[in-house]
Amino acid sequence: MQFSEVIGQEDAKHRLMQLVEEQRVPHALMLTGPVGCGKMALSLAFASYLLGERMEGKSLLQSTAQIANTEAMLRKWQHPDLHFSYPVIRPKGTPGERKITSDDFAKEWHELVMEGAYFTMDQWMTRMSAENQQAVIFEAESDLLNHKLNIKSSQGGYKVSILWLPERMNLTASNKLLKLLEEPPLQTVFLLVSEEPERLLETIRSRVQRFAVQRLDDADIEQALVTKRGIGEEDAHRIARAANGNWLKALELLDVGNENRQFFELFVILMRKAYARDLRELKSWSETVAGFGREKQRRMLTYFLQMVRENFAYNFRQENILYMTHEEEDFANKFARFINERNVVDIADMLQRTIRDIAQNANAKIQFFNLALDMIIFLRR
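Residues numbered from 1 in each chain as written. Predicted model: local features only at pLDDT ≥ 70, side-chain atom pairs only at ≥ 80, totals over all residues. Heavy atoms only, no water.

S.K.: Any chance you could explain the overall build of the protein here in plain terms?
M.R.: Within the protein, the secondary structure is distributed over 17 helices and 5 strands. Against the compact-globule benchmark of 21 Å for 381 residues, the protein has a radius of gyration of 23 Å, which places it among compact chains. Seen through its C-alpha atoms, the protein measures out along the principal axes to roughly 70 × 55 × 35 Å. When the 381 residues of the protein are sorted by exposure, 51% land in the buried category. Counting contacts in the protein only where the partners sit at least 6 residues apart, residues at least 24 apart contribute 73% of the total. (Helix = DSSP H or I, 4+ residues; strand = E, 2+ residues; numbered from the N terminus. Rg over C-alpha atoms; globule rule 2.2 N^0.38 Å. Buried < 20%, exposed > 50% of the residue type's maximum accessible area, 1.4 Å probe, protein only. Contact = heavy atoms within 4.5 Å.)

Quick look at the structure:
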C-alpha cells in the first residue's frame, strides 16, 4: 500500500519516511490519534515500505525479483513477514479450554483489509458475526506472535507486526507482549495502532515510541470526497466540516441509513421523553437500547456525549465551533437552550459513568433506565 493512498497526513508520512532514511526506525512504534485520522492506513503503508514495496521509486530490497514478489504479496496482504493481531470474540459454544487467537478469524480479517484501510470496530464485529460480546486480544495471541516472530525473515529484511487496538489485550496477554517488547526478535518492528493508549500498561507505553497522528484537515477530507467518492464540492464541504477530522464519520454521513442517524433518533427520543417525564416511553426506550450489543451501546453513548457538547456550544451561536449535520442542527435550534452551564457537566459525567459501567458488564436495562430518570432531573435545571 502506497502512502499516496493515505488521505492527507503529509507531515506524518514525511516523519515515517524520515525514520527509515535516517536509520532510526524504533523496534516498537505506537500510532495514536483521534478516530478516523488514518492511523491504520499509515501503519499499512509504512509496513509495506519496510517490507520492500517501492515508495517514490525506492525500495529497501536490492533484488528486482524480490521487490516484484514482495509487491505482489502485499497487494493481497499475504506477505509471510507481515503479521496482524487484533481483538476477536470467543464464538458461542466454544469450549472453555480452547485458545482463541487472531488466526481463528484470519479469513474475515483478510476480507476486511482487502476492502480498504479505513474501517470501524463495528464493521469488524459484523464480520465476526458478534452478538452481545466484547472483542478481546487473548493470552494465546502473545504466545502465537512470539512463535511467528522468532521465525527467520523470508525475504531477509524486516518482519512487521501490526497490533490493532492493543488496549483490548487482557492482562496476561499484555504482560507477555511486554516481554516481547523488552526482548524483540531480530529485525522486528512492532506497529501498535491505538485509539485509547491510556488503557495500556504503563510499562508497555514506556517501551514504545509514541507517534502522534493529528486529526485530518477538513480540506483533505473534502478533496477525498470529491476525488474518491465523486461527491459535489458543496456537499463535500458540508460533510467534511461535520466529520470534524474523521474520515470514518465522513463515510457514515454519506450513508443515509448510517448508525449515527439511528443514534440521533434515539437521542431525540430520550431528550423529548425525559423533558415530558414520560416514564412509560422512557422504560420502552431503555429496553430498546439495552438490546444492542455492548460495543454498539458504547458507541451510542459516545455519540450522545458529542451531541451534548454540540448543543451546549450551539448556545454561543458561533459557527466555527459547531460540527453538526443539518438534521442535528435543526433539532439543536429548539433544544440547545436546555443544555446549559447548570447541567452540562452533570450530564456529561453521567454519560461517562454509564459508558464505564457498560464496559464492565453492568446490567444494561438498569443502567439505561437510570440514565433516563437522571436526565429528567438534569433537563429541568
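S.K.: So what exactly am I meant to see when it comes to the sheet that holds strand E3 (residues 159-164) here?
M.R.: Think of a sheet as strands paired side by side through backbone hydrogen bonds, with each pair either parallel or antiparallel. If you walk across this open sheet you meet the 5 strands as E2-E3-E4-E1-E5, and the pairing is parallel. Of all strands in the sheet, those bounded by a partner on one side alone are strand E2 (82-85) and strand E5 (209-212). Put simply, the sheet's adjacent strands are angled 20° from each other on average, direction ignored. Relative to E5, strand E1 (residues 28-32) runs parallel, the two sharing 4 bridges. (Pairing = 2+ DSSP bridges. Axes fitted to C-alpha atoms, helices over the stretch in contact; angles between N-to-C directions.)

S.K.: Please explain the environment of leucine 270 as it appears in this structure.
M.R.: Relative to the helices and strands, leucine 270 is located in helix H12 (residues 259-275). Relative accessible area serves as the criterion here: at 0%, leucine 270 is assigned to the buried category. Sequence separation of leucine 270 and serine 286 is 16 residues, and the distance between their C-alpha atoms is 9.0 Å. Ignoring anything within four residues of it in the chain, the contact list for leucine 270 reads Leu282, Trp285, Phe304, Leu371, Ala372 and Met375.

S.K.: Please explain the nonpolar core as it appears in this structure.
M.R.: The nonpolar side chains of a soluble globular protein tend to be buried, and buried together. Core analysis: the largest hydrophobic core is formed by 65 residues, its most contacted members being Trp124, Ile162 and Trp164. Take this core: its biggest share by element is 10 residues, from helix H2 (residues 39-51). Excluding residues within four positions of it along the chain, tryptophan 164 makes contact with Met40, Ser85, Tyr86, Pro87, Trp109, Phe119, Thr120, Met121, Trp124, Ile137 and Val193. By size, the runner-up hydrophobic cluster in this structure holds 44 residues, among which are Val344, Leu351, Phe368 and Leu371. (Core = buried A, V, L, I, M, F, W, Y, C linked by side-chain atoms within 4.5 Å.)

S.K.: Is there a simple way to think about the side chain of aspartate 81 in this case?
M.R.: The residue aspartate 81 is located in the loop between helix H3 (64-75) and E2 in this model. It turns out aspartate 81 is buried and unbridged, and the closest side chain with the opposite charge, lysine 159, is 7.0 Å from it. Polar side-chain contacts of aspartate 81 include one of 3.0 Å to the side chain of serine 154. When residues no more than four places from it in sequence are discounted, the contact partners of aspartate 81 are Leu51, Lys152, Ser153, Ser154, Gln155, Tyr158, Lys159 and Val160. (Lys, Arg positive; Asp, Glu negative; His and termini not counted. Salt bridge = Lys/Arg side-chain N within 4 Å of Asp/Glu carboxyl O. Polar contact = N/O pair within 3.5 Å; in protein donor to acceptor, adjacent residues only side chain to side chain.)

S.K.: What is the right way to look at the pattern of salt bridges in this model?
M.R.: Should their charged atoms come close, side chains of opposite charge can pair. Taken as a whole and assessed by the stated rule, the structure comprises 26 salt bridges. In this structure, arginine 299 engages glutamate 259 in a salt bridge whose closest nitrogen and oxygen atoms are separated by 2.9 Å. One end of the pair, arginine 299, is in helix H14 (residues 294-314); the other, glutamate 259, is in helix H12, with 40 residues separating them in the sequence. Arginine 299 sits in the partly exposed class, given a relative accessible area of 21%. Residue glutamate 259 is classed as buried on the basis of its relative accessible area, which comes to 18%. Where salt bridges share partners, they join Lys107, Glu111, Glu115 and Arg127 into one cluster.

Note that every value here comes from positions in space, so none of it alone points to a role or purpose.
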